[in-house]
Amino acid sequence: HQIVRENRLEIRTEEGLASLEKQRDGGFVVRSEKGEYRARRVILATGQRGNPRKLGVPGEEREGVYHRLYSPRHYHDKDILVVGGGNSAVEAALVLAEQNRVRLSYRGSELARIFKDNERKLNEAVAQKRIELILNSNVKEFSGKTAALEIDRGGHREPRTVPCDYAFVLIGAELPVKFLKSLGIRMENE
């Protein structure tokens, strides 16, 4: 904030970038859904994660279903479903399990991509019944205070409904590669 004040920078937030055109004078025309701006320089700050991947199931956009975990200590004595099989999902489940009833749903048969320390901590939490690990499961719908899962039991699909005050869908992110390329930016591996 100090840098913004000292340099009298004009900041536009919550305005998606629609297009960016380089001008002959070296400047840029920047268009958003709210307006058009001219700039000498443009900084693209997409964040390290990009856009969160979605499950694409009914109810995913309802209040109480999130794609990031910001304040885990905010949740207390709740039924929480964490979806995902990577380190982010496991770490979220572990911290949420300190004060809540947590289920971790993963579509695969094992969590193969997690750090050894996370694996050890998760195994301990499962053994102590602080986390219920539901492997081979896919979320089919979020509804009210429940989530509908489908569990693959070796070819036989079994439906299961679990209580769900909150859900955290932590299944990775997509970089906006197509959009960045449309701006003329080359990717590192090109």
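Coordinates for the structure precede this section.
Residues numbered from 1 in each chain as written. Predicted model: local features only at pLDDT ≥ 70, side-chain atom pairs only at ≥ 80, totals over all residues. Heavy atoms only, no water.

J.: Just to check I follow, could you spell out the nonpolar core for this structure?
T.: One recurring pattern in soluble globular proteins: nonpolar side chains tend to sit buried together. Counting residues in each nonpolar core, the largest one holds 21 residues, and the members touching the most others are Val82, Leu96, Val102, Leu104 and Ile131. Broken down by secondary-structure element, the contributors of at least two residues to this core are β6 (79-83), α2 (87-96), β7 (101-105) and α3 (116-127). Considering every element that reaches this core, the biggest residue donor is α2, with seven residues. Those residues within four positions of isoleucine 131 in sequence are excluded, and the remaining contacts are Ala93, Leu94, Ala97, Val102, Leu104, Leu122, Ala125 and Val126. In terms of nonpolar packing, the next biggest core, distinct from the first, is built from 14 residues, Leu81, Val83, Ile134 and Phe142 among them. (Core = buried A, V, L, I, M, F, W, Y, C linked by side-chain atoms within 4.5 Å. Buried < 20%, exposed > 50% of the residue type's maximum accessible area, 1.4 Å probe, protein only. Helix = DSSP H or I, 4+ residues; strand = E, 2+ residues; numbered from the N terminus. Contact = heavy atoms within 4.5 Å.)

J.: Before we go on, may I ask you to explain the sheet that holds strand β2 (residues 28-32) in this structure?
T.: By definition, the strands of a sheet pair up through backbone hydrogen bonds, in either a parallel or an antiparallel sense. The strand order across the open sheet built from three strands is β1-β2-β3, with neighbouring strands paired in antiparallel fashion. Looking at strand neighbours, the two that pair on one side only are β1 (17-22) and β3 (36-39), the edges of this open sheet. Recorded for the sheet is a direction-independent mean angle of 20° between the axes of neighbouring strands. In terms of strand pairing, β2 meets β3 through four bridges, oriented antiparallel. Counted as the bridge partner of arginine 31 is glutamate 36 from β3. (Pairing = 2+ DSSP bridges. Axes fitted to C-alpha atoms, helices over the stretch in contact; angles between N-to-C directions.)

J.: When you look at the packing of aromatic side chains in this model, what are you seeing that I'm missing?
T.: Centre-to-centre distance and the angle between the planes together describe a pair of aromatic rings. This structure, assessed with the given rule, holds four aromatic pairs. A ring pair is formed by tyrosine 66 and tyrosine 166, whose centres lie 6.4 Å apart and whose planes are at 20°; its orientation type is stacked. On the criterion of sequence distance, the pair formed by tyrosine 66 in strand β5 (residues 65-66) and tyrosine 166 in strand β12 (residues 166-169) is long-range, its members being 100 residues apart. For tyrosine 66, a relative accessible area of 25% corresponds to the partly exposed category. Residues tyrosine 75 and tyrosine 166 carry aromatic rings whose centres are separated by 4.9 Å and whose planes lie at 70° to one another, so their mutual orientation is edge-to-face. Within this pair, whereas tyrosine 75 is found in the loop between β5 and β6, its partner tyrosine 166 is found in strand β12, the two being separated by 91 residues in sequence. Classification of tyrosine 75 as buried rests on a relative accessible area of 10%. (Phe/Tyr/Trp six-rings, centres within 6.5 Å; stacked < 30°, edge-to-face > 60°.)

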